[in-house]
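Observations on the model geometry
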Amino acid sequence: MAIDNAEIGKRIRMLRISHNMTIEDLSIAVSCSYDHLQKAEKGKRGLSIDTLDQIREYFDISMDELLYG
């Protein structure tokens, strides 16, 4: 199964918005730069497994849910 950065970015954005967070809020919470997270949400960049794990942990979801929906 291939990892689709654009779909992961959409899921991260939906999670962030559903928790009433800005990109800046989430970038601080998971120690990722604003610019990098913004590009990741747009599917223009991928995120490291460590950052994905921090996001997964922050939102209390499984890695499968984050990666594959």
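Each remark here, short or long, concerns the structure printed above.
This one's a predicted model, so the numbers in the text were calculated from it and none came from an experiment.

For helix α1 (residues 5-18), spanning 14 residues, the distance from its first C-alpha to its last is 20 Å, which sits close to the expected 20 Å at 1.5 Å a residue. Along α1, the residues that are buried comprise I8, G9, R11, I12, L15 and R16. Seen along its axis, α1 keeps its buried residues to an arc of 160°; they face one direction. Turned more than 90 degrees away from the buried face of α1, the exposed residues are M14 and S18. Between the side-chain oxygen at the start of α1 and the backbone nitrogen of A6 there is a gap of 3.0 Å, and the oxygen is on D4. N20 lies just past α1 and shows a positive phi near 55°.

Okay, the packing of α1 against helix α3 (residues 34-41) next. Axis angle and axis distance: for two packed helices, these are the angle between their axes and the distance between the axes, and together they describe the pair. Their axes nearest at 7 Å, the elements α1 and α3 cross at an angle of 115°. Taken together, the axes of α1 and α3 are roughly perpendicular relative to one another. Across the interface between the two elements, N5, G9, K10, I12, R13 and R16 from α1 touch L37, A40 and E41 from α3.

What follows is about the side chain of R16. Within the secondary structure, R16 is located in helix α1. On the basis of relative accessibility, which here comes to 8%, the residue R16 falls in the buried class. Reaching out from R16, the side chain makes a polar contact with the backbone oxygen of M21 at a distance of 2.9 Å. Those residues in contact with R16, other than ones at most four positions away along the chain, are M21, T22, I23, L26, E41 and F59.

Cut-offs applied
- Going along each chain's sequence as written, the residues are numbered from 1 onward.
- Where local features are concerned, this predicted model is filtered to residues with pLDDT of at least 70; where side-chain atom pairs are given and counted, the filter is 80 or more; whole-chain, interface and lining totals use all residues.
- Side-chain metrics in this entry use all non-hydrogen atoms of the structure; hydrogen atoms and water are not considered.
- Strands here mean DSSP runs of E at least two residues long; helices mean DSSP runs of H or I at least four residues long; both are numbered from the N terminus.
- Here a helix's expected span is defined as the number of its residues, less one, multiplied by 1.5 Å.
- Exposure categories follow from relative accessible area, calculated using a 1.4 Å probe and restricted to protein chains: below 20% of the type maximum is buried, above 50% is exposed, and the middle band is partly exposed.
- Each direction from the helix axis to a C-beta atom contributes to the arc, which is the arc of those directions.
- Between N or O atoms, a polar contact is any pair within 3.5 Å; within protein, one atom must be a potential hydrogen donor and the other a potential acceptor, and residues adjacent in sequence are included only when both atoms are from side chains.
- Note on geometry: axes are lines fitted to C-alpha atoms, helical ones only across the stretch in contact, with angles between N-to-C directions running from 0 to 180 degrees.
- Here roughly perpendicular refers to angles of 65 to 115 degrees, roughly parallel to angles under 35, roughly antiparallel to angles over 145, and oblique to all remaining angles.
- By the convention used here, residues are in contact when the closest approach between their heavy atoms is within 4.5 Å.

These figures come from the coordinates and say nothing about function on their own.
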